[in-house]
Structure formats: structure tokens, C-alpha cells
Amino acid sequence: MFEGLKGKLAGVKSRLGGVISENAEETETPIEAPVEVSPPVSPAEATPGLAPSFSPGDAAPAAPETPEPESAKRPWSGIFRRPKVDEPDAPAPAEPPAPAPEADDEIGQKAGLFTKLKVLVTERELILKEDDVREVLDELELVLLESDVALPVTEEIIDHVRRDLVGRHRKFRESPDEIVTETLRDALLEVLGEGFDLPRYIRGHERPVRILFTGVNGTGKTTTVAKVGAYLKREGFSVVIAAGDTFRAGAIEQIDIHAERLGIRVIQHKQGGDPSAVIFDAVEYARAHGLDVVLADTAGRFHNKQNLMNQLGKIRRVMKPDLVFYVDEAIAGNDAVIRAEEFDKTVGADGIVLTKADMDPKGGAAISIAHTIGKPLVFLGTGQGYDDLAPFTPAGMVADLLGTAEA
């Protein structure tokens, strides 16, 4: 998916990293770092042979005699003198009390196990001028435009990279490739928005949640309704589908086959009937049976077909959808972005689903569409199977484009 754009971005990353390497200057900066130091060891502990030892059967070595202090000795004149009965012996001097161990000594001993040493760390300093990166930014702009990224979105990405790199005095220890990757990742995430967690929305909303699917002809809208139904069933939700495309021949039969394979109930009327009535019945069925989600298919139409757009307006008034998802093809590039913008202006849209993303080497629509209309990209269709529907996450797409792990 988007293989062409991945290869071109890799080339831009390499050249921009080369520019940073050429303009960076290495410096050595002293910093203080804590280093653990072993406590001092006594000679007896350091040399086991010097430590005194005796077996259990031996008598314990006698403690060394402590010389009697001079003040405690009796004078020579009193040695042979017989003490009188009424003359009590002089009391022995009291021993001074041993000082109590203080908590600070223990803390100080622990603190003494660490010391701070100054070490030199090699850093790089960088100040890039506009002229240093002009050629590479021109190349990046061309890569994005050739990949069908909308012009306003391309300009936003280029401006972000320029602001991040040019004219700023910065010190860094990471590689130039890491700096470029971080800059491009931030620029892409800024235009991709935050995405949309549909299961989380449903869990926090009153049931049934009503989702209306709109879009132009031939973009895979009916198949997308079936894929979303399969996805929601895997997430533990109960689903009913409204066969609201009563205009296209074979549309009712198509959604009926999909639903039968998936074990999902379909509410349908005859071909040519009022789609608003079909969708109304589906909502009432979901309420009566305590179902979680109503998925409403509609006929494909272009925004410039006024009668069909009026019909879509009636459907909205009857259904009162909680969410409106616009469906288009990723391979349509800028045309998909323009059509999504027009649909949003006419009938509104709360999210975007892009089909056939696995066939799109460019990725321009996926990058541009959320930023252009200010609505999140919700799903990417990645194949023909019912499981080939990927919930869109901006971080995941950026990691895929830049060949990095998802942050």
C-alpha cells in the first residue's frame, strides 16, 4: 500500500540527512553523572588470612586489659592504711554513656557510596539556513504533488519541515536520519488528524447508532457497508442493514448476498421504492429488537445531480443519522478529495472511508482528505474479503510510510 510514495520519501530522508551531516559540528560538553563507588574495606576484611579465627571448642580469646586511669588509682599512702569503719570507700567513677548511633551516620554512609564525576559527551550543533535545505524541500514538494497530495496539504507539510529545521540553533546526540524521521513524522501527523474510533463511539452512545453511507457511483459503497457490518460483529455489536439503494439494478440482491454470508439481517423493499421508507423501517426494527447499529446503504450519486442530492436530504431528515460516512476510492487521488469536500458542503459528512487503498501506490488521497474537509478518515479498504477493512490510525500510516515502528 502506497509503495511508490514510500520509496520517494526514503530518498528525501536520505538526502536531507546528508544535508544535516554536512552542516553539523561536533562539540564535547562536560556533564556531571552519578557513579557508584564501593565503600572502603578494612585490611582484615580485604585479606581473609589476617582475620582472627578459633574453633568452637577453643576458649574465646581474652579481651585486652584496659589500663586503669590515673585518677582511679589509690595513692601510695593509702595502700597499707586500714580503712575506718565509718569511712566508706570512694565510689568508682561512672563510665561515660556510649553515644547513640545517629540516623544521619547511616544516611551519610549510603550517600558516600555515590559520587559525581564529570564526563565528556560528544554532541552536535546545528544551524541550518534556508539555502541549505531549499533543494531538498523542493524535491519533497514535487514528491508529494506527484503522489496526489493536495496543494494546501503539501504546503502545510513543507512549512512544518522548514520551521522545524531552518534557523534554529539546536544540539543533538541522535543521528541525522532520526532527526529527519522525527520531523517528517510530526509534519504528517499534523495534517492527518486524530482518526476516529468507531467501536468506542458506539459504546458511549445511545442505541441504536444510525450510520448513513453516501458517495458517488462505483466506489464500492455497498461492499463497504457489508465490511463494516462484519467488523462491528467481530467487535461484539448486533447489526441490521437497510438496503437503501433502490435505484441501481442488482443493488438489493448484492447487499442481500453479503448479509446472508455474514449472518446479518437486511431490511429491504422492492426496487424503485422510497429509500427513506426502507431506512425508517430498519431503524424501527433495530429499536424493537434491541440492536446496536443500523447501517444504511444508499444509491451512488454525484454532488451536481440536484434531484438525487435532494433525495439524500430527505433520507437524512427521516433517519436522523448519528454518523454520515462518505465513501470514495483511494486511487481517485485529488478527485476523491474534491468530491468529499462537495458532499460535506451539500449533505455533510462525519467521517471518510477510502476503498481500494491496496491498489493505490501514491497515498495522496489518504494524506489529504482529512485535512482538507476537517473530518477524520475512519477506514481503509485493503482487499476483496470481508476482513479487508483496516481501521485508520494516523500513527500507523505514518510509521508505514516512513518505515519505522508505530509510536
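Residues numbered from 1 in each chain as written. Predicted model: local features only at pLDDT ≥ 70, side-chain atom pairs only at ≥ 80, totals over all residues. Heavy atoms only, no water.

**Describing the pattern of salt bridges**
Logical step 1: Here the structure, examined in full by the defined rule, presents 21 salt bridges.
Logical step 2: Of the charged contacts, one joins Asp148 and Lys362 as a salt bridge, the two residues approaching to 3.7 Å between their closest N and O atoms. With Asp148 in the loop between helix H4 (130–146) and helix H5 (151–165) and Lys362 in the loop between strand S9 (351–355) and helix H13 (364–373), this residue pair connects regions lying 214 residues apart in the sequence.
Logical step 3: Given a relative accessible area of 22%, Asp148 falls into the partly exposed group.
Logical step 4: Residue Lys362 is classed as partly exposed on the basis of its relative accessible area of 34%.
Logical step 5: Here Asp297 and Lys221 are joined by a salt bridge, their closest N and O atoms 3.6 Å apart. (Salt bridge = Lys/Arg side-chain N within 4 Å of Asp/Glu carboxyl O. Helix = DSSP H or I, 4+ residues; strand = E, 2+ residues; numbered from the N terminus. Buried < 20%, exposed > 50% of the residue type's maximum accessible area, 1.4 Å probe, protein only.)

**Regarding the nonpolar core**
Logical step 1: Core analysis: the largest hydrophobic core is formed by 69 residues, its most contacted members being Leu354 and Ile367.
Logical step 2: A per-element tally of this core places helix H6 (residues 176–192) first, with seven residues.
Logical step 3: Ignoring any residue separated from it by four or fewer positions in sequence, one finds Leu354 in contact with Asp328, Glu329, Ala330, Ala365, Ala366, Ile369, Leu377, Phe379, Leu380 and Gly381.
Logical step 4: Core analysis: the second largest hydrophobic core is formed by 29 residues, Ala226, Ile241, Leu262 and Ile264 among them. (Core = buried A, V, L, I, M, F, W, Y, C linked by side-chain atoms within 4.5 Å. Contact = heavy atoms within 4.5 Å.)

**Looking at the packing of aromatic side chains**
Logical step 1: Scanning all chains against the criterion turns up five aromatic pairs.
Logical step 2: Between Phe196 and Phe325, the aromatic rings sit 6.5 Å apart at their centres with planes inclined by 85°, giving edge-to-face as the arrangement. Taken together, the positions of Phe196 in the loop between H6 and helix H7 (198–203) and Phe325 in strand S8 (residues 323–329) put the pair 129 residues apart, joining distant regions of the chain.
Logical step 3: You can call Phe196 partly exposed: its relative accessible area is 23%.
Logical step 4: Looking at Phe325, the relative accessible area reads 0%, which means it is buried.
Logical step 5: Here Phe213 and Phe325 contribute two aromatic rings whose centre-to-centre distance is 5.8 Å and whose plane-to-plane angle is 85°, an arrangement assigned as edge-to-face. (Phe/Tyr/Trp six-rings, centres within 6.5 Å; stacked < 30°, edge-to-face > 60°.)

**Concerning the packing of helix H12 (residues 334–346) against H13**
Logical step 1: Put simply, H12 and H13 touch, their axes get as near as 9 Å, and they point 25° apart. Here H12 lies roughly parallel to H13, going by the angle between them. The chirality of how H12 crosses H13 is right-handed. Packed against H12, whose contacting residues are Ala336, Val337, Ala340, Glu341 and Asp344, the element H13 presents Ala365, Ser368, Ile369, Thr372 and Ile373 at the interface. (Axes fitted to C-alpha atoms, helices over the stretch in contact; angles between N-to-C directions. Parallel < 35°, antiparallel > 145°, perpendicular 65-115°, else oblique. Left-handed = near helix turned anticlockwise from the far one by under 90°.)

**A short note on the sheet that holds strand S4 (residues 209–215)**
Logical step 1: With mixed pairing, the eight strands of this open sheet are ordered in space as S6-S5-S7-S4-S8-S9-S10-S11. If you trace the sheet from one side to the other, it starts and ends with strand S6 (265–267) and strand S11 (389–391), each paired once. Strand-to-strand twist in this sheet, taken as the mean axis angle between neighbours without regard to direction, amounts to 25°.
Logical step 2: Across five bridges, S4 lies against S8 in parallel orientation. For Leu212, the partnering residue across the bridge sits in S8 and is Val324. (Pairing = 2+ DSSP bridges.)

**Some thoughts on the pairing of S9**
Logical step 1: The buried fraction of S9 is high, at five of five residues.
Logical step 2: In S9, alternate side chains face the same way, and those of Gly351, Val353 and Thr355 on one face and Ile352 and Leu354 on the other are all buried.
Logical step 3: Two elements, S8 and S9, share five bridges in a ladder whose sense is parallel. Considered in S9, the bridge of Tyr326 is made with Ile352.
Logical step 4: Handedness of the crossover is the feature at issue here: the chain leaves S8, passes through H12, returns alongside S9, and the resulting connection is right-handed. (Right-handed = clockwise from strand over helix to strand, strands pointing away.)

**What about the side chain of Lys227?**
Logical step 1: With respect to the helices, strands and loops of the structure, Lys227 is situated in helix H8 (residues 221–234).
Logical step 2: Among buried charged residues, Lys227 stands out as having no salt bridge; its nearest opposite-charge side chain is Asp388, 5.6 Å away.
Logical step 3: In this structure the side chain of Lys227 is engaged in a polar contact, spanning 2.5 Å, whose partner is the backbone oxygen of Gly383.
Logical step 4: Reaching out from Lys227, the side chain makes a polar contact with the backbone oxygen of Asp388 at a distance of 3.2 Å.
Logical step 5: Leave out the neighbours within four places in its chain, and Lys227 touches Gly383, Gln384, Gly385, Tyr386, Asp388 and Leu389. (Lys, Arg positive; Asp, Glu negative; His and termini not counted. Polar contact = N/O pair within 3.5 Å; in protein donor to acceptor, adjacent residues only side chain to side chain.)

**Quick notes on the pairing of strand S7 (residues 293–296)**
Logical step 1: Of the two faces of S7, the one holding Val293 and Leu295 and the one holding Val294 and Ala296 are both buried throughout.
Logical step 2: Bridge count for S4 against S7 is four bridges, and the pairing is parallel. What sits directly across from Arg210, in S7, is Val294.

**Examining the confidence of the model for the protein chain**
Logical step 1: Taken residue by residue, the protein chain gives an average pLDDT of 80. The fraction at 70 or more is 72%.
Logical step 2: In the predicted structure, residues 66–88 sits below a pLDDT of 50 and forms two contacts with residues beyond four places in sequence or in another chain. (pLDDT = per-residue confidence, 0-100.)

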